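Coordinate inspection notes
Here are the chains, one letter per residue:
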Amino acid sequence: MEKYAEHLEVLSERWQAALEQAGFDAAVVAAGAPREYFLDDLPVPFRPNPHFAQWFPDADCAHSALVIRPGERPRLLFYQPRDYWHQPPSVPEWAHAHFDVAVHTDLDGLNRAVAAALTSNRLAFVGEQPPDDVGAVTPNPPLLLNLLHYQRAYKTDFEIACMATANERAAAGHLAARAAFEAGLSEFHTQLRYLEAAGQTPEELPYHNIVAQNRHAGVLHYQHYERRPPEPLLSFLIDAGASHAGYAADVTRTYASPAAGAFAALVAGMDAAQRGLIERIRPGIDYTDVHEEAHRAVAALLAEHALVRCSAEAAFESGLTRTFLPHGVGHLIGLQTHDVGGHQASPDGGLRPPPEQYPALRLTRPVEARQVFTIEPGLYFIPMLLDELRQSPLAREVDWSRIEALSPCGGIRIEDNVVVTESGTRNLTREAFARAAELHG
Ligand code: GLY
Ligand code: MN
Ligand code: MN
């Protein structure tokens with residue numbers, strides 16, 4: 001818990017500075033309430049407000065709230081209903097060392113306690129739904145949120161350790177999924193193997209796993225799980241994560257079966273290109289340039305594998321690579337898979353939008369130490385985009401027979417989570433795969 005104590009110190013400093021700059025004395029941070037499905041009494045799986053989760057890394061916290069007042073220990077107003085339908089949450093042992101804890105068994109009492117804690121009208125509320133009787137609070141002040149979201153990009157040692165653990169879970173799942181692919185299992189059965197090896201329920205995953213065989217790999221966020229494998233089984237793209245203490249891993253691997261022919265060499269080429277992109281990352285470079293480098297790498301692969309008739313340089317310059325790589329090269333990751341603040345130009349506001357030709361790029365900030373982001377170049381055969389290319393003047397640059405031969409394999413994505421250090425990067429994902437291979441492989 002040493003790293004957690006340090007993490008809370010960093011958070012206290014950040015909140016103190018942000019509250020002061022935004023003109024507030026204190027903030028109430030609400031974990032939030034579970035929602036129900038429309039016209040139903042069943043709850044949608046609950047995810048706490050990430051601002052609450054950053055202070056309190058335990059998802060069993062619905063309706064609880066924190067009072068953050070600089071100079072004082074944070075107060076945790078913990079909701080523990082008397083409930084025999086469910087297992088009520090209880091205050092984790094470690095929390096008492098870091099928070100002044102008050103347990104409430106009814107919501108009205110909890111809201112009255114929040115109101116009583118609030119003696120100033122310079123009060124911010126951070127959460128989805130301010131309680132009615134909390135008085136003159138300002139809900140989600142934009143400046144306060146901008147300041148906090150900008151800082152979220154710089155991970156504490158605790159957060160990095162959580163993401164390292166999440167990556168270890170994901171790597172264990174990915175190894176089992178790879179074995180399932182080699183054994184010819186369906187998408188559905190591969191997903192089950194993944195969950196078991198990663199030790200995660202679907203609700204615990206940070207996002208819906210993408211388990212895509214053959215042409216499904218060309219659907220960027222393919223969402224189904226076929227019960228039967230295709231015949232023949234050619235390729236497998238798995239974008240599957242894991243979480244630990246609220247922090248996400250977001251990992252993709254692509255595999256080719258012996259029946260996939262030239263696709264295997266393309267996968268190996270993309271893996272090498274992805275490592276090359278990561279090797280060049282260090283503080284001071286621009287993430288937008290990494291994205292552009294990814295397009296140059298795709299151009300090089302298209303030329304090397306004779307999918308285009310022009311040079312790699314021409315494939316890049318003409319924008320032809322955008323048909324094959326229509327998403328960004330990565331994004332910040334942390335409490336959210338696509339973490340906040342990726343387009344912020346400065347701590348207090350202003351946006352740095354993605355370049356016009358790359359609207360899907362989620363991160364445009366300069367690279368700095370303690371950022372954690374994904375590097376996930378891809379190369380896909382997406383019918384809708386290929387049709388558009390076919391209608392354009394660039395169509396003559398493409399070897400369509402080779403594209404058609406590879407299209408049944410769908411596409412490739414290789415995705416790692418990297419931490420920026422003072423001099424380069426630490427690759428949480430490759431580290432985790434190496435360790436998992438030692439343990440299980
Ligand atoms: N798994 C979603 C993404 O890679 O961004
Ligand atoms: Mn990602
Ligand atoms: Mn992903």
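Everything below is about the structure shown above.
These notes cover the structure that comes with them. (Residues numbered from 1 in each chain as written. Chains lettered and ligands numbered in written order. Predicted model: local features only at pLDDT ≥ 70, side-chain atom pairs only at ≥ 80, totals over all residues. Heavy atoms only, no water.)

Turning to the site of ligand 1, a few remarks are in order. Every residue close to ligand 1 is listed here: Tyr207, Asp239, Asp250, His331, His338, Glu376 and Glu415. Measuring from a nitrogen atom of ligand 1, one finds a side-chain N or O atom of aspartate 250 at 3.0 Å. Take glutamate 376: an N or O atom from its side chain is 3.0 Å from an oxygen atom of ligand 1. Out of a free accessible area of 190 Å², ligand 1 has 93% covered by protein chains. Tallied by class, the residues present in the shell around ligand 1 amount to one nonpolar, two polar and four charged. (Near = heavy atom within 4 Å. Polar contact = N/O pair within 3.5 Å; in protein donor to acceptor, adjacent residues only side chain to side chain. Areas by Shrake-Rupley, 256 points an atom, 1.4 Å probe, with all protein chains shown as cover. Nonpolar A, V, L, I, M, F, W, Y, C, P; charged D, E, K, R; others polar.)

With that settled, consider the coordination of the manganese ion (ligand 3). Around the manganese ion (ligand 3), the protein contributes the donor atoms Asp239 (OD), Asp239 (OD), Asp250 (OD) and Glu415 (OE), at 2.0 to 2.3 Å from the metal centre. Coordination geometry of the manganese ion (ligand 3): the six donor atoms subtend angles of 57 to 170° at the metal centre, consistent with an arrangement described as irregular. Counting residues between consecutive donors of the manganese ion (ligand 3) along the chain gives the motif D-x10-D-x164-E. The distance between the manganese ion (ligand 3) and the manganese ion (ligand 2) comes to 3.3 Å, with aspartate 250 serving as a donor to both metals. With aspartate 250 in strand E9 (residues 247-256) and glutamate 415 in the loop between strand E12 (411-413) and strand E13 (416-420), this pair connects stretches of sequence that are 165 residues apart. Judged on exposure class, the residue aspartate 250 and its partner glutamate 415 are both buried. (Donors = N, O, S within 2.8 Å, 3.2 Å for Na, K, Ca; no water. Tetrahedral: all angles 85-135°; square planar, octahedral: opposite > 155°, others 65-115°. Helix = DSSP H or I, 4+ residues; strand = E, 2+ residues; numbered from the N terminus. Buried < 20%, exposed > 50% of the residue type's maximum accessible area, 1.4 Å probe, protein only.)

Looking now at the side chain of serine 407. Structurally, the position occupied by serine 407 is in the loop between helix H12 (400-406) and E12. Contacts of serine 407, omitting those with residues within four sequence positions, involve Arg215, Phe381 and Leu386. (Contact = heavy atoms within 4.5 Å.)

Quick look at the packing of helix H5 (residues 157-182) against helix H13 (residues 428-440) now. Running from amino to carboxyl end, H5 crosses H13 at an angle of 50°, the nearest separation of the two axes being 8 Å. Relative to H13, H5 is oriented oblique. The element H5 and its partner H13 pack so that their crossing is right-handed. On the side of H5, the interface is formed by Ile160, Met163, Ala164, Asn167, Glu168, Ala171, Ala172, His174 and Leu175, while H13 contributes Leu428, Thr429, Ala432, Phe433, Arg435, Ala436, Ala437 and His440. Taken together, the residues of the contact of H5 with H13 break down into 11 nonpolar, four polar and two charged. (Axes fitted to C-alpha atoms, helices over the stretch in contact; angles between N-to-C directions. Parallel < 35°, antiparallel > 145°, perpendicular 65-115°, else oblique. Left-handed = near helix turned anticlockwise from the far one by under 90°.)

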